[in-house]
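Topology and contacts: notes
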Amino acid sequence: MYTPKYFAETRLEILHGLIRAYPFATVVTRTANGLGANHLPFELVGDVLHGHVARGNELAQQDGAEVLLVFQGPDGYISPNWYPSKHETGREVPTWNYAVVHVHGRLRVIDDAAWLRRLLETLTDHHEAGQPQPWKITDAPDDYIEKSLRAIVGLEVAIERIEGKFKLSQNHPARNRAGVIAGLRERDGDGDAELATLMSSQQESAP
């Protein structure tokens, strides 16, 4: 990934934080027909990622394969009109701000009903936590759950290398970054508030 030094994010707590906040990853592997991409949610457990797929998914047959997982955070178009410097010199152009984390590792396929059940319980407990009446696996009939477990396999990726690119106007002076944050909050389109919040938090946590 092309990453100019001012956009490089190396702090593990920040990279892990994005994975936890945006756990839906694009999983890239090499296949007999070239590169393949699948899209799956993962749960970060220490330095390991856990997920699952249907047995018919090509990933279920790729035990040991080299994989790249791409986690995409908030992103958005940035208007040069939000930069105070644009109104003084005109020397600004549009851009796009975003945050991504790339995880490199090898795929381990797990065919273990007990492991899968624990994973599904963890995933549902996590993602149902904000519901008024959180759904649990025990809400469904046992035979239905057992049948569902037989139809899937688990995936595990131990993180061998992780890299982050947080392109959040760090190459601009503070007043331009403040202008972008204000512009995003005023526009308030899809993901704008999240991007503005991320920009603010990155400024506060910058080393």
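These numbers were taken from a predicted model, which means no experiment stands behind them.

**Concerning unusual backbone geometry**
Of note in this structure, S169 is not a glycine but carries a positive phi near 65 degrees. Using a relative accessible area of 3% as the deciding quantity, one classes S169 as buried. With a phi close to 55 degrees, D188 is a non-glycine residue in the positive phi region. Within the secondary structure, D188 sits in the loop between helix 5 (174–187) and helix 6 (192–205). By relative accessible area, D188 is classed as exposed at 52%.

**Observations regarding the environment of Q202**
Turning to its location among the elements, Q202 is positioned in helix 6. Taking C-alpha positions, Q202 is 9.0 Å from I14, a pair spaced 188 residues apart along the chain. Once you skip the residues sitting within four places of it in the chain, Q202 turns out to touch E9, R11, I14, F166 and L168.

**Considerations on the environment of E58**
By the element assignment, E58 lies in the loop between strand 5 (48–54) and strand 6 (66–78). For E58, the side chain forms a polar contact with the side chain of N38, separated by 3.0 Å.

**Examining the packing of helix 3 (residues 113–127) against helix 4 (residues 142–150)**
Contact geometry of helix 3 with helix 4 gives a least axis separation of 10 Å together with a crossing angle of 110 degrees. In terms of orientation, helix 3 and helix 4 fall into the roughly perpendicular class. Every residue of helix 4 that contacts helix 3 at A113, L116, R117 and L120 is listed here: I145, E146 and L149. Residues that form the contact of helix 3 with helix 4 fall into these classes: five nonpolar, no polar and two charged.

**Concerning the pairing of strand 8 (residues 152–167)**
Burial analysis of strand 8 places 12 of its 16 residues in the buried class, which makes it a mostly covered element. Relative to strand 8, strand 1 (residues 8–9) runs antiparallel, the two being bridged by two bridges. Counted as the bridge partner of E9 is G164 from strand 8. Sheet analysis places strand 5 next to strand 8, joined by seven bridges and oriented antiparallel. Directly across from V53, in strand 8, lies its bridge partner V153. Relative to strand 8, strand 7 (residues 95–110) runs antiparallel, the two being bridged by 13 bridges. Residue pairing across strands places V103 opposite I162, the latter belonging to strand 8.

**Describing helix 5**
Given a rise of 1.5 Å per residue, 14 residues ought to cover 20 Å, and the 20 Å separating the end C-alpha atoms of helix 5 matches this to within 8%. For helix 5, the complete set of buried residues consists of N176, R177, G179, V180, I181, G183 and L184.

**Structural notes on the environment of L15**
By secondary structure assignment, the location of L15 is in helix 1 (residues 12–21). Distance in space between the C-alpha atoms of L15 and W135 is 29 Å, their sequence separation being 120 residues. Excluding residues within four positions of it along the chain, L15 makes contact with E9, T10, V101, I162, G164 and F166.

**Regarding the pairing of strand 7**
As judged from the 11 bridges shared by strand 6 and strand 7, these two strands associate in the antiparallel manner. Bridge pairing in strand 7 links L68 to H104.

**A look at a negative patch on the surface**
A surface patch of negative charge is lined by D75, D188, D190 and E194. In this structure D190 comes out as exposed when scored by relative accessible area, which is 81%.

**Observations concerning the packing of aromatic side chains**
How two aromatic rings sit relative to each other is given by the distance of their centres and the angle of their planes. Summed over the entire model, instances satisfying the criterion amount to two aromatic pairs. An angle of 90 degrees between the planes, with centres 4.8 Å apart, marks the rings of Y6 and F7 as edge-to-face. A relative accessible area of 43% places Y6 in the partly exposed class. Here the aromatic rings of Y77 and W96 are separated by 6.2 Å at their centres, their planes lie at 70 degrees, and the arrangement is edge-to-face. On the criterion of sequence distance, the pair formed by Y77 in strand 6 and W96 in strand 7 is long-range, its members being 19 residues apart. A relative accessible area of 34% places Y77 in the partly exposed class.

Analysis parameters
Residues numbered from 1 in each chain as written. Predicted model: local features only at pLDDT ≥ 70, side-chain atom pairs only at ≥ 80, totals over all residues. Heavy atoms only, no water. Buried < 20%, exposed > 50% of the residue type's maximum accessible area, 1.4 Å probe, protein only. Helix = DSSP H or I, 4+ residues; strand = E, 2+ residues; numbered from the N terminus. Contact = heavy atoms within 4.5 Å. Polar contact = N/O pair within 3.5 Å; in protein donor to acceptor, adjacent residues only side chain to side chain. Axes fitted to C-alpha atoms, helices over the stretch in contact; angles between N-to-C directions. Parallel < 35°, antiparallel > 145°, perpendicular 65-115°, else oblique. Nonpolar A, V, L, I, M, F, W, Y, C, P; charged D, E, K, R; others polar. Pairing = 2+ DSSP bridges. Expected span 1.5 Å × (residues − 1). Patch = residues over 30% accessible without salt bridge, like charges linked within 9 Å, V, L, I, M, F, W, Y side chains within 5 Å. Areas by Shrake-Rupley, 256 points an atom, 1.4 Å probe, with all protein chains shown as cover. Salt bridge = Lys/Arg side-chain N within 4 Å of Asp/Glu carboxyl O. Lys, Arg positive; Asp, Glu negative; His and termini not counted. Charge placed at Lys NZ, Arg CZ, Asp CG, Glu CD. Phe/Tyr/Trp six-rings, centres within 6.5 Å; stacked < 30°, edge-to-face > 60°.

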